[in-house]
Amino acid sequence: MNIGVLDILDLPSCNPARTVYHLLMTKQYAAITPQAISFCCRRMGHRTFYATYYGVGAPERKLPKDLDVLFIACHTPTSGLAYAVSKIFRRRGTRTVVGGPHAKAFPLDCSRFFDVTVKDCDRGLVERILADEFEPGSIVTCDPDYDELPTIEERMPEVRKSAFAFGRKYVFSTTIPLLGSVGCPYDCNFCIDWNSTYKTLSTDRLRTELEYLAKHLPGTFIAFHDPNFAIKFDQVLDVLASLPRGQRLPYIVESSLSVLRGDRPKRLKETNCASMAPGIESWMDFSKKAGVGKMLGMQKVEQVAAHCREIQDNVPYIQGNFILGLDTDVGDEPFELTKSFMTLAPFVWPAINIPVPFGNTPLYDTHLSEGRLRRQMPFQFYYAPYLVTTLKHYEPIRYYEKFIELLEHASSMRMLSRRLPTTWSNVARTVHCARTAGMRAAIPSYRRVLNFLKTDRTFRRFHEGESDALPSFYQQEYDRLLGKYAVLISPQERIPRLAEPTTSAAKPQPLVKLAV
């Protein structure tokens, strides 16, 4: 059979600057599972075509027209494009299959546009899909054994296509995705891994992967796709340190401050950690994850800033992840505390996020059951600068005013003048400058939403929860973001089909077939 695998990483580029960014950076965000599926299909003897779509060109032209089966992976903000591509290929007689974060969060909606929706996948399930065992509209899953993922050497054809320039040579930004663990021990209510089981994968396998990269792809970066890197810190870092110093490739991770105690930050430096992105999340919650016990407010700010200074002595680039507007946030304090943190730790890049209730999370269940989730809002807007819920303690106008004020503070020339002298890596300084420019360029999109809230009563009533009628602004914005692909998804089809609350404290048991 002719099998296609398409990993959709972003929407079509809207300007030359975005095109350059997509070519250099977005291209490097390819996921591991689509590459593993491509490898499995190749090993089964099928003619397999793997591609990534990173906002440049036409996604349907990345693959042959005469496919028998097409696997598509996407995130929720790019799901509209994935739905459109599925329609194109289904009209040609291709069976389409969707997986990835969006399929896991919102499988019911996916089942409208794909023959099979996959929440979790392994080789056995791929074989059953190719054997056409599932009826159209099926939602399937399994309990995958991640130790059986193909090695980097086995998925090199996919790595070349996704990360190399023109599929031939690796460049300064080439990043190889790698997995050292799965799951997360924390239960953050907004995270799709909130009830997952943490597991460190084979350390012998990890060592083999690192040795292969050092020998065959020197000069590249490693991006660990672990939800929470090195919870079993010493066990994992011992493997990284087992390579000779000259063979330790720079690596990028997301981790928790609670893990990085004592001399552990020094071990990051010894093993060539290039970037660390801890989840600080909130000044009013998630303190255990931040390693500060029960501290909240300014006390937590000071403790986290001091901890970040210890890490910064050993890691060139740090990004702190924040969510402003959670149910524990009240008034101006969370925003002002974030400014205080920037003053105390200016070298930490603040990734400031709007709360998004993804499916199968407690946050989603809470907002849906309380009638706060804007049910009519297309998935295209499940990311900043859009707000898809009514916040517990903020009117939308006040929230956007404070959010914009915070973004302006974070991207001000005054803040940059503090950030650069406290950052010791020239590469990190360059990244700070680029991201400052990017944040400043994004602020008008927030202002646009704020202006509609202030001037359009229908728009404001929708976001205050007083009306269920989707403002025309969002239909027009949908058309703009998807470009020529928007006509493939009718206004009615853009309204999500949302599942009722389902989360519980217990880890769900895997099923083979969930729905038809």
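Below is a summary of the structure that appears in this document. (Residues numbered from 1 in each chain as written. Predicted model: local features only at pLDDT ≥ 70, side-chain atom pairs only at ≥ 80, totals over all residues. Heavy atoms only, no water.)

### Regarding the overall build of the chain
Phase 1 of the analysis: Counting its regular elements, the chain contains 18 helices and 15 strands.
Phase 2 of the analysis: Here the C-alpha coordinates of the chain stretch approximately 65 × 60 × 45 Å along the principal axes.
Phase 3 of the analysis: Expressed as a percentage of its 516 residues, the buried residues of the chain come to 54%.
Phase 4 of the analysis: Considering only intrachain contacts with a sequence separation of at least 6, the fraction spanning at least 24 residues in the chain is 73%.
Phase 5 of the analysis: By element, 52% of the accessible surface of the chain is carried by carbon and sulfur atoms, the whole surface being about 21600 Å².
Phase 6 of the analysis: For the chain, the separation between the mean place of its 65 positive charges and that of its 55 negative charges on side chains is 5 Å. (Helix = DSSP H or I, 4+ residues; strand = E, 2+ residues; numbered from the N terminus. Buried < 20%, exposed > 50% of the residue type's maximum accessible area, 1.4 Å probe, protein only. Contact = heavy atoms within 4.5 Å. Areas by Shrake-Rupley, 256 points an atom, 1.4 Å probe, with all protein chains shown as cover. Lys, Arg positive; Asp, Glu negative; His and termini not counted. Charge placed at Lys NZ, Arg CZ, Asp CG, Glu CD.)

### Thoughts on helix α9 (residues 233–241)
Phase 1 of the analysis: When α9 is considered as a whole, its buried residues turn out to be F233, V236, L237, V239 and L240. Mapping the buried residues of α9 onto a view down its axis gives an arc of 150°, with all of them on the same face. (Arc of directions from axis to C-beta.)

### Details of the packing of aromatic side chains
Here a ring pair, both rings aromatic, is described through the centre-centre distance and the interplanar angle of the planes.
Phase 1 of the analysis: In total, this model carries 30 aromatic pairs according to the counting rule given.
Phase 2 of the analysis: Centroid distance F403 to Y446: 5.4 Å. Interplanar angle 20°. Geometry classified as stacked. Of this pair, F403 sits in helix α14 (residues 396–410) while Y446 sits in helix α16 (residues 426–455), and the two are 43 residues apart along the sequence.
Phase 3 of the analysis: Judged by its relative accessible area of 7%, Y446 is buried.
Phase 4 of the analysis: Centroid distance F459 to Y474: 5.5 Å. Interplanar angle 15°. Geometry classified as stacked. Placement of the pair is F459 in helix α17 (residues 457–463) and Y474 in helix α18 (residues 472–482), with a sequence separation of 15 residues. Exposure class is identical for F459 and Y474. Each is buried.
Phase 5 of the analysis: Note that R92 overlies the ring of F89, its terminal NZ or CZ placed 4.8 Å from the centroid. (Phe/Tyr/Trp six-rings, centres within 6.5 Å; stacked < 30°, edge-to-face > 60°. Lys NZ or Arg CZ within 6 Å of the ring centre and 35° of its normal.)

### Some words on helix α12 (residues 333–344)
For an α-helix the count is 3.6 residues per turn, leaving residues at separations of three or four pointing the same way.
Phase 1 of the analysis: Taking 1.5 Å per residue as the helical rise, α12 with its 12 residues ought to reach 16 Å, and the 16 Å between its terminal C-alpha atoms agrees with that figure.
Phase 2 of the analysis: For α12, the complete set of buried residues consists of P334, F335, L337, T338, K339, F341 and M342.
Phase 3 of the analysis: Tucked inside the fold, the buried residues of α12 contact β12 (273–281), α11 (297–312), β13 (317–323), β14 (348–353), α14 and α15 (413–419). (Expected span 1.5 Å × (residues − 1).)

### Some details on a nonpolar patch on the surface
Phase 1 of the analysis: On the surface, a cluster of nonpolar side chains totalling about 710 Å² of accessible area is made up of V20, Y21, L23, L24, M25, Y29, V171 and F172.
Phase 2 of the analysis: Structurally, Y29 can be placed in the loop between α1 (16–24) and α2 (32–43).
Phase 3 of the analysis: The class of Y29 is partly exposed, set by a relative accessible area of 43%. (Patch = residues over 30% accessible without salt bridge, like charges linked within 9 Å, V, L, I, M, F, W, Y side chains within 5 Å. Salt bridge = Lys/Arg side-chain N within 4 Å of Asp/Glu carboxyl O.)

### What about the packing of α12 against α14?
Phase 1 of the analysis: The N-to-C vectors of α12 and α14 enclose an angle of 5°; their axes lie 10 Å apart at closest approach. Between α12 and α14, the angle falls in the class roughly parallel. Two secondary-structure elements touch here, α12 through F335, E336, T338, K339 and M342 and α14 through Y399, K402, F403, E405, L406, H409 and A410.
Phase 2 of the analysis: Among the residues making up the contact of α12 with α14, the classes are represented as six nonpolar, two polar and four charged. (Axes fitted to C-alpha atoms, helices over the stretch in contact; angles between N-to-C directions. Parallel < 35°, antiparallel > 145°, perpendicular 65-115°, else oblique. Nonpolar A, V, L, I, M, F, W, Y, C, P; charged D, E, K, R; others polar.)

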